[in-house]
Amino acid sequence: MTDPFYFTALFFPLYMLIRHPFRRIPLHIDCGFYVANHTIATGRFSFRRGWNAHYAGCSKVIPEVFYTLLYLTHCRGNGEPGEKYVSLSRVWMSVFNYVTAISVGMLAMVLAGGDPIYYCAGLVTFALLSSEPHYGAYHECGETFQILADTVGVTLLLLGVAWGSTGYVAVAAAVWLFGAFYIKLSNLVGFSILFGVAAWLLPASIKPMCIAAGIVAASYLAWVLVNRRNPLSLVGRLWGHEKSFNRRGKSGGIGHRLAEKSRTATRAFRNQPIIPILALVGLVGSPPASAIFWAYVAAVVVAYTAQATDCRYYLVPLLPALSVLAALGAVFTLQYGSVGMAILAGAALLWLLHNPVRAALLNPQKLNLWSWKDGHPATDVQRNSQLASACQSFAPLVAGQPLLVYGPCNQAYVLLNAGYSTPIVAPEYYLDSVCPGWQVSHNAQLVKDPPQWILDTGRCFASQEARSMLGLDYRLHQKAGDSRLYKLRTAQQPSANYEEARTFAPQTSSQLEEEAHLGEVRVTFHNAAESAPDPVGSALVARLHALATAGQRRIAIYGAGRFTIRYADIYRQAPLSVVCVIDDNAAGMSPAFLNWPVRAPDDVDPADIDAIIISTDRYADLIAARAARLWGDRIPAYTIDQPVEAAATGS
């Protein structure tokens, strides 16, 4: 059956059934950027009080409205709001994603000249591809909304150029820019590529296209002003965000970024090869001849590469183009009659066994680990499920009182149905680049209106600093896994220089143990995974002891990031001394990191250092290659997973 209407209606229940097992995946750390603290704390939506208005260029409006309405309508004030949000957010996001699947089907059909079989193939390939967990499509992100604007815009552009309709081209430009300004600003990068090709193919469309673009741009500027933001300061904060995550080094910045992005895509395709193979069949057997389509592919690839942060859901804008190629491959395969049908049926069966059937059979912990396979270290992945378990014990204590999260796991706000009205979401290390001096205003707000509870999700709340500088006596009240819940006992007069306090600071084990002795602490574990040994930490211990055995006593740590923060105590307890922390972004950082001096690569003296540890579990080989170019044999550099024997011999 290839009637588009009936096929769309009949396939929808199967599509929802396919995605059902993935509703159990725990929330990820980006949740707090779409359901704002102010919304959770007050029960009222105000876009201008959230992160996206202050730090994301007043963009991401559509996703924030979507998830906020979902939270306020179905979750706030109800029993177990966290569990309801986890489930219902995946349900309604699946419904929205099916609308995008319809638009991808339309794009495939228009590209193929109007044959409805291409619509059905495009809808199915995108519905399956976007249901695979390894692209991060089950977590809150702007990209899931962006691709609807992308595919609608490209479809209109194809029709406009084919029919010589400047009106269609103008509307296409407006739709694409609407998605860029109100969903994801990175989409501006591809605008000039896609619509530059359209202007070349249909010169008469240049003027109406510029008028449409001007109208959308003017509406966005008005939106920025309505939210009381300074456009220039927003640009500075966006640049700060990119700078914070762009620590690849000057000499190989573009090359390193291309390699990183390529590896992220390759890992996703390796974990889920069926649709990409079908796309390759379409590329070889029935390649699109449309310049507009290839300009669209170039636009999304360039936008993907241009973003400094290496998030797996940045791959989502590539999925519609991949799905269209897979649709062409599916129809091409059908040309071989019963053999082609058998091949597609076998591929469909393998896909179902590999995805929804497998997901349904896995327990929640294993499902979580599998869905993040090759995307993040296991310790980071387990943190999501550990926090969800911890919040079950924290929720009766917090009970809707003001709560501020420190560290990366801001999804705790939704899970606990408690928040604190601050636009920064949660104190984190990247804020130093996004908004230098943020701790000054943060301290002033804490002194004026301290939250009753603070949840430390990253060993980074300096409670001693809060007591001595801010006069806020927070004591550790309960610990579950690696999450620490602090309760405010008393609020005293702050010190005269309280603005200089840094309550966000990585804490050592000795500092955490000291805090544990100051209060009555209950330790809670909800599953064995929370207390499981850390293989990465064990490998790091082995690495450092191997270096010490080889006579290397002075090391430098390459990388001032979360990995180094997480394993700071291992470095401190090792039988060697840390001379400095090397970071490519040293000029934009404070002079000390975890009380170790920070140096740029050009400031490192080989005479002071015996060896360098590549302190990261992602792209370590790229950084090691950069270290080899910088220092060669003068300073040997070692990755965490290098064989101990090799490290011991210095090879």
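Conventions used here
- Residues numbered from 1 in each chain as written.
- Predicted model: local features only at pLDDT ≥ 70, side-chain atom pairs only at ≥ 80, totals over all residues.
- Heavy atoms only, no water.
- Helix = DSSP H or I, 4+ residues; strand = E, 2+ residues; numbered from the N terminus.
- Buried < 20%, exposed > 50% of the residue type's maximum accessible area, 1.4 Å probe, protein only.
- Phe/Tyr/Trp six-rings, centres within 6.5 Å; stacked < 30°, edge-to-face > 60°.
- Lys NZ or Arg CZ within 6 Å of the ring centre and 35° of its normal.
- Axes fitted to C-alpha atoms, helices over the stretch in contact; angles between N-to-C directions.
- Parallel < 35°, antiparallel > 145°, perpendicular 65-115°, else oblique.
- Left-handed = near helix turned anticlockwise from the far one by under 90°.
- Contact = heavy atoms within 4.5 Å.
- Nonpolar A, V, L, I, M, F, W, Y, C, P; charged D, E, K, R; others polar.
- Expected span 1.5 Å × (residues − 1).

Draft legend 1. Structural detail: the environment of V235. Within the secondary structure, V235 is located in helix α11 (residues 231-245). Judged by its relative accessible area of 53%, V235 falls in the exposed class. Considered as a pair, V235 and G57 are 178 residues apart in the sequence and their alpha carbons are 6.9 Å apart.

Draft legend 2. Summary view of the packing of aromatic side chains. As enumerated under the stated definition, the model contains 35 aromatic pairs in all. Aromatic side chains F5 and Y6 sit 5.5 Å apart centroid to centroid with 80° between the ring planes, which places their arrangement in the edge-to-face category. The exposure class of F5 is exposed, given its relative accessible area of 62%. The interplanar angle of 70° and the centroid separation of 6.0 Å between the aromatic rings of F66 and F96 together place this pair among those described as edge-to-face. With F66 in helix α4 (residues 61-75) and F96 in helix α5 (residues 81-111), the pair connects residues that are 30 residues apart, well separated along the chain. Positioned above the aromatic ring of W596 is the side chain of R572, whose terminal nitrogen or guanidinium carbon lies 4.6 Å from the ring centre.

Draft legend 3. Molecular detail of the packing of helix α8 (residues 166-182) against helix α10 (residues 206-226). Contact geometry of α8 with α10 gives a least axis separation of 8 Å together with a crossing angle of 25°. When the axes of α8 and α10 are compared, the pair comes out roughly parallel. As for how α8 packs across α10, the hand of that crossing is right-handed. Every residue of α10 that contacts α8 at T166, V169, A170, A173, A174, L177, F178, F181 and Y182 is listed here: P208, M209, A212, A213, V216, A217, S219, Y220 and W223. Residue classes in the contact of α8 with α10 are distributed as 16 nonpolar, two polar and no charged.

Draft legend 4. Quick look at helix α7 (residues 143-163). For α7, with 21 residues, the first-to-last C-alpha span of 30 Å sits near the 30 Å given by 1.5 Å per residue. Within α7, 17 of the 21 residues are buried, leaving the element largely enclosed by the surrounding structure. A positive phi of about 70° marks G164, the residue just after α7.

Take it as geometry only, folks, not as evidence of what the structure does.
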